[in-house]
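Fold and geometry: a report
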Amino acid sequence: MASSPKLDAKIPEGPLAEKWTKYRSTVPLVNPANKRSLEVIVVGSGLAGGSAAATLAEMGYKVKVFCFQDSARRAHSIAAQGGINAAKNYQNDGDSTYRLFYDTIKGGDYRAREANVHRLAEVSGNIIDQCVAQGVPLAREYGGLLSNRSFGGTQVQRTFYAAGQTGQQLLLGAYSALSRQVGYGSVEMFARHEMLDVVTIDGRARGIIARNLVTGELEKHFGHAVLLCTGGYGNVFYLSTNAMGSNVTAAWKAHKKGAFFGNPCFTQIHPTCIPVSGDHQSKLTLMSESLRNDGRIWVPLKKDDNRKPNEIPEEERDYYLERRYPAFGNLVPRDVASRAAKERCDAGYGVGASKMAVYLDFAANTDRYGKTEANKQGIHNPTKEQIRELGKAVVKEKYGNLFDMYQQITGENPYEVPMRIYPAVHYTMGGLWVDYNLMTTVPGLYALGEANFSDHGANRLGASALMQGLADGYFVIPYTIGVYLSTEVTRMSAEKAKSDSIDKLKTNHPEFEKALSEVKGQIEKFFSIKGTKSVESFHKRLGKIMWDKCGMARNRKGLEEAITEIRALREEFWKDVRVLGDANEFNPDLEKAGRVADFLELGELMCLDALKREESCGGHFREEHQTEEGEAKRDDDNFAYVAAWEFKNVGDWELNKEELKFENIKIAQRSYK
C-alpha cells in the first residue's frame, strides 16, 4: 500500500542509525538576531511543553506559554511515578540504543515509525545527562552510581527513577529551566488560560484564542509557530488515571482547523490501577508499573475464593503472568498484562468485594531485599522478623509514597497484605498526526509528547512517556522547528514593506476576529440551551459507552452500537445540557462543557477508527481477531499503516493512510513467552 498523497512524513534518507545525526547537522538554521524577532506559542507546560519552551527561549526565540493550571508545576506529568527509560546500559545487562529501539517497536506491536523510534532511543541518554545537570534527584546506588529498575516489555533494567515521584522531579527540573527564562523576560507565562481555538492565516498556524479562566476574558495571541503540548485524551472514558482537567480540546480544535488525527483508537489500559469502588468516583488512581515489575501478580487457584490473601497458601496461588509468559513473567507489556488480568477475573478468579481485581504481592521481594540488607549489615542467621523489617525499610525507600497512597485510599496496609489492582484507562497513543519534524498537517502547527500520535505504536512501554516528552522538547523540536521558521524569516523579509503584512497586523488580522467570534458563539450557545441535565451527567454516560464498547476489548457489533449511541447522546447534549454561571467569570462548569462537547465528537471518531481497523494490535483488541491462545492477531498485509483522519464535518471524516515500512526489524507475531 502507498501512503496517501496528503501525507509526507519527511523521513530523512540514509541508514537508520545515521538519519538523525546527519539531519540535525544539515537542517536550515535561524541566526540569533532573527530568532529574537520570531514568536513561538507553547500550549501546555508539562514535560514536553516546559522543556520545549525553556529550550527555545534559551536559543533566543520569544516564547509565550499557556496552561490551564494555576502553575506550570501542576501539569499532569507529575503523575508519571515509575521512571524514565534510557539506553545507558549502566547495569551491563545487554542494553543498547538498538535494543531500546527494538523493544519499543515490538512493544508497540509494529505500528510505529522506525525513524522516529530510533531517534527517541538515540537521544534517551542525553535526557538523563540533562536532568542530572539540572539537579534532578534520580535514585543512586550506595556507591553513587545512578540506579535502574525493571519495567514492562523489556528484559533489561533501563528505567531511571526518583522513588515513586519521577514525573514530579523531572517536571521540577524543566520548570526550573522555564522559570529561569521567565525571569530573563524570554518567556511570558499565562497560567489559568485555556486555548479554545487555533488561528490559521493562508493555511498556516498564526496564533490562538485563549480564555482567561479567572476573568472569562477571551484573548488573541499571535505566533509564528504554535506548539501543542497538551497531553492525551484518556478522560473521554470518564474514569481514567488522568487528572480530571486533562482533555482533548486543544488538539481537537487543531483537528477541526485541518490537523489530521492519527490512530485515535490506540488507547492504553494500565494493568496496575486501584480498582473501581463505586459510582461515586470521578477518577482512578494508578499504582506505578514499577510495583508490578518488582512484585508478583496472582489470583487464587480456586474460583470465588473468599479467603483473605494471607490465608491462601503458596501452592493454591496462580501466578498467571509467570505461568503464561515464562520468559518475561511480570515484565510483559501493559496491554498483555491488562488483558490477562481481565481474562482471569472474567473466568471467576477475581478477588476483593467486586471480584474485579487481582493481587499484587510484595512479600517475596520484601524478603529478598531483607536478606540482602542483612548480609550488608553483617547480620548472620537473621530471624524472619528481622528479614521482614529490613526488607520493609528498603521497600519504603524505593516506593514509600506509593504504599502510603494506597493505604490512604483503600484503608489496607500494603506492607502486610497484597495490593488489589485492576486495569484502567491510562495513556493515549493516538493524537495529532505529525511528520518527522513533529509538524502536523497544518504548517507552523506542531504537536509534542502525548498530544501527537506518538512513537509508541499501538502500545506504549512503561517509563517511555517521560522519555518522549523530554526528547521532543529538549532535543528534537529545537532543531526541527528551524526548518519552518527559517522560511518565516524569508517571508518576513519579503513582506516587510507591506502595510497589510501578517507581522504588522498580527492579532488585528481578520482571521483572528473570525476565530474570536466563533469561540464567543459557542460559549453563548452553551448558555442559551438552558436544559435540564448537567455537563457531568453527559460525560459519565459517554464514558460508560466508551468503556463498555471501545475499551479493553472491542467488536464490530459493539462499535456500531457505540457510534449510534454517541451520536444520539451528542444531539441530546446540544438540546438539553445546562451550563451554570456566567461567561465572564471563573466558571469550571463552562470549562467542562467545552471539553465534554469535544469528547462527544472524539468518541465517535475513536469508535470509527476501531471499527475500520480489522485486526488486533497492542491496546486495540478486536475480539474477532485473536489467536487460539487469546493473544492479539495483527493483519500486516492490510493494516500496517498509521490511520490519519481528516475532519470534514461533525460526524464526517476521511481516512488517509501512512504506510509503515520496516526495513531494520523483522516484523513478527509478538511473543513474550
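Described in the following lines is the structure provided in the data block. Values in this document were obtained by computation on a predicted structure and should not be read as measured data. (Residues numbered from 1 in each chain as written. Predicted model: local features only at pLDDT ≥ 70, side-chain atom pairs only at ≥ 80, totals over all residues. Heavy atoms only, no water.)

Thoughts on the sheet that holds strand E8 (residues 218-222)
The following threshold applies: Here a strand pair is declared whenever DSSP counts at least two bridges between the two strands. We count a stretch as a helix when DSSP gives it H or I for four or more residues in a row; a strand needs E for two or more, and each element gets its number in order from the N terminus. Inter-axis angles, ranging from 0 to 180 degrees, are taken between N-to-C directions of lines fitted to C-alpha atoms, where helices are fitted over the stretch in contact. The contact criterion used is simple: two residues touch if any of their non-hydrogen atoms lie within 4.5 Å.
As summarised here, the arrangement of the three strands in space is E6-E7-E8, forming an open sheet in which the pairing is antiparallel. The outermost strands of the open sheet, each flanked by one partner alone, are strand E6 (193-201) and E8. On average, adjacent strands in this sheet sit at an angle of 25° to one another, irrespective of strand direction. Here eight bridges tie E6 to strand E7 (residues 204-212), and the two strands are oriented antiparallel to one another. Paired with Val-198 across the strands is Ile-208, a residue of E7. In this fold helix H15 (residues 510-529) packs onto E6, E7 and E8, with an angle of close to 140° to the strand it touches most, E6.

Considerations on the pattern of salt bridges
Threshold: What counts as a salt bridge is simple: a side-chain nitrogen of Lys or Arg found within 4 Å of a carboxyl oxygen of Asp or Glu. Each residue is placed in one exposure class: buried if its accessible area under a 1.4 Å probe, protein chains only, is under 20% of its type's maximum, exposed if it is over 50%, and partly exposed if it falls in between.
One pass over the full model with this rule turns up 66 salt bridges. The closest approach of N and O atoms between Arg-296 and Glu-322, which form a salt bridge, is 2.8 Å. Separated by 26 residues along the polypeptide, Arg-296 in strand E12 (residues 296-300) and Glu-322 in helix H9 (residues 320-324) bring together distant segments of the chain. Owing to a relative accessible area of 26%, Glu-322 belongs among the partly exposed residues under this scheme.

Considerations on the packing of aromatic side chains
Selection criterion: Pairing of aromatic rings covers Phe, Tyr and the six-membered ring of Trp, with a centre-to-centre limit of 6.5 Å; geometry is then stacked below 30 degrees between planes, edge-to-face above 60, and tilted otherwise. A ring is scored as having a charge over it whenever the NZ atom of a lysine or the CZ atom of an arginine sits within 6 Å of its centre and within 35 degrees of its normal.
Evaluated as defined, the whole model comprises 24 aromatic pairs. Aromatic pair Trp-20 and Tyr-23: ring centres 6.4 Å apart, planes at 35°, arrangement tilted. Here the residue Trp-20 and the residue Tyr-23 both occupy positions in helix H1 (residues 16-26), the gap between them amounting to three residues, near one helical turn. Across this residue pair, the class does not change: Trp-20 and Tyr-23 are buried. Pairing Tyr-110 with Phe-662 gives two aromatic rings, centres 6.1 Å apart and planes at 75°, and the pair type is edge-to-face. Of this pair, Tyr-110 sits in the loop between helix H4 (97-107) and helix H5 (114-134) while Phe-662 is found in the segment after strand E21 (652-659), placing the two residues 552 residues apart along the sequence. The same class applies to Tyr-110 as to Phe-662, namely buried. Feature note: the residues Tyr-233, Trp-252, Phe-261, Phe-647 and Trp-653 constitute an aromatic cluster, connected by ring pairs. It is Arg-119 that lies over the ring of Trp-20; its NZ or CZ is 5.0 Å from the centre. Across the ring face of Phe-68, the terminal group of Arg-595 is positioned such that the distance to the ring centre comes to 4.8 Å.

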